[in-house]
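One letter stands for each residue in the lines below.
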Amino acid sequence: MFTVAFLVVGMPRFVVAAFTGTFAPLAVMMAIEGLACGVLNPIMATVMYETVPAELLSRVLSARTASVLVITPLGGLAAGFVTETDGLSTAMSAFGGLYLLATLCPVVFPVWRRMDASDRPSD
C-alpha cells in the first residue's frame, strides 16, 4: 500500500504537467494524488512510533522534521535552475524520473519490507 500510494503521488503529476497544456487533466491527477497522499502519513507515523524506542522518539521526530524543513528549499532552487536552463518539460520529466526512482526503493531494497509489523523483530 505504501509503495503504490507513493507511486500515485509522485511521478504521474510530473508527466501530466509536462505533457498537457490544459488545466482539467492536471486537476484530475491532483485529486487522485490527494487521495493517495492521505495514506502515506498514517503509515509513516505508525512505523515511526512502533520502531523508535520511546526515549529517543522526540529526538528522532525532531531530527526528521528539521531535515525536511532544511532540504525543502533546495528542491525549489534545483527545479528553478533546471527549468531555466533546460525548459519546463525537461525539468518536469527529470524530476518525475527522480521521484519514480525514489519511490521504487521499497520494491528494490529488502530493508523496506521491515515496515510490515510481522517482519519486525519483537522487543
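Just so you know, these numbers come straight off a predicted model, no measurement behind them. (Residues numbered from 1 in each chain as written. Predicted model: local features only at pLDDT ≥ 70, side-chain atom pairs only at ≥ 80, totals over all residues. Heavy atoms only, no water.)

*Asks:* Describe the overall build of the protein, with residues and values.
*Replies:* The helix and strand tally for the protein stands at six helices and zero strands. Ordered by position from N to C terminus, the α and β elements of the protein give α-α-α-α-α-α. A globule of 123 residues ought to have a C-alpha radius of gyration of about 14 Å, yet the protein, at 17 Å, is considerably larger. If you line up the protein on its principal axes, its C-alpha atoms span 55 × 30 × 25 Å. For the protein, the proportion of its 123 residues judged to be buried stands at 19%. Restricting the contact set of the protein to residue pairs at least 6 apart, pairs at least 24 apart contribute 62%. Accessible surface computed for the protein: about 8300 Å², of which carbon and sulfur atoms make up 72%. Of the charged side chains in the protein, 6 are positive and 8 negative; the average position of the first set lies 5 Å away from that of the second. (Helix = DSSP H or I, 4+ residues; strand = E, 2+ residues; numbered from the N terminus. Rg over C-alpha atoms; globule rule 2.2 N^0.38 Å. Buried < 20%, exposed > 50% of the residue type's maximum accessible area, 1.4 Å probe, protein only. Contact = heavy atoms within 4.5 Å. Areas by Shrake-Rupley, 256 points an atom, 1.4 Å probe, with all protein chains shown as cover. Lys, Arg positive; Asp, Glu negative; His and termini not counted. Charge placed at Lys NZ, Arg CZ, Asp CG, Glu CD.)

*Asks:* Can you tell me about the packing of aromatic side chains, naming the residues and giving the values?
*Replies:* What the rule picks out here adds up to two aromatic pairs. Taking 5.2 Å as the distance between ring centres and 85° as the angle between the ring planes, the aromatic pair formed by Phe 2 and Phe 6 counts as edge-to-face. Of the two residues, Phe 2 and Phe 6 both sit in helix H1 (residues 2-9), four residues apart, roughly one turn of that helix. Look at Phe 2 and Trp 112: their rings are 6.0 Å apart centre to centre, the planes differ by 25°, and that puts the pair in the stacked class. You can see Phe 2 sitting in helix H1 and its partner Trp 112 sitting in the segment after helix H6 (105-108), a full 110 residues away along the chain. Counting every residue linked through ring pairs, the aromatic cluster contains Phe 2, Phe 6 and Trp 112. (Phe/Tyr/Trp six-rings, centres within 6.5 Å; stacked < 30°, edge-to-face > 60°.)

*Asks:* Go over the packing of H1 against helix H2 (residues 11-19) with me, naming the residues and quoting the values.
*Replies:* It is the contact of H1 with H2, at a shortest axis distance of 4 Å, that shows an interaxial angle of 15°. It follows that H1 is roughly parallel to H2 by the angle criterion. Note on element contacts: H2 touches H1 through Met 11, Pro 12 and Arg 13, opposite Leu 7, Val 8 and Val 9. Residues belonging to the contact of H1 with H2 are distributed by class as follows: five nonpolar, no polar and one charged. (Axes fitted to C-alpha atoms, helices over the stretch in contact; angles between N-to-C directions. Parallel < 35°, antiparallel > 145°, perpendicular 65-115°, else oblique. Nonpolar A, V, L, I, M, F, W, Y, C, P; charged D, E, K, R; others polar.)

*Asks:* Let's hear about the environment of Phe 6: which residues, and what values?
*Replies:* Between the C-alpha atoms of Phe 6 and Pro 53, which are 47 residues apart in sequence, the distance is 26 Å. Contact partners of Phe 6, with chain neighbours within four places excluded, come to Leu 40, Tyr 99 and Thr 103.

*Asks:* Go over the state of the cysteines, please, and point to the residues and values.
*Replies:* For the coordinates displayed, the defined rule picks out zero disulfides. Cysteine Cys 37 remains unbridged, with the sulfur of Cys 105 as its closest cysteine sulfur at 18 Å. Owing to a relative accessible area of 23%, Cys 105 belongs among the partly exposed residues under this scheme. (Disulfide = S-S within 2.5 Å.)

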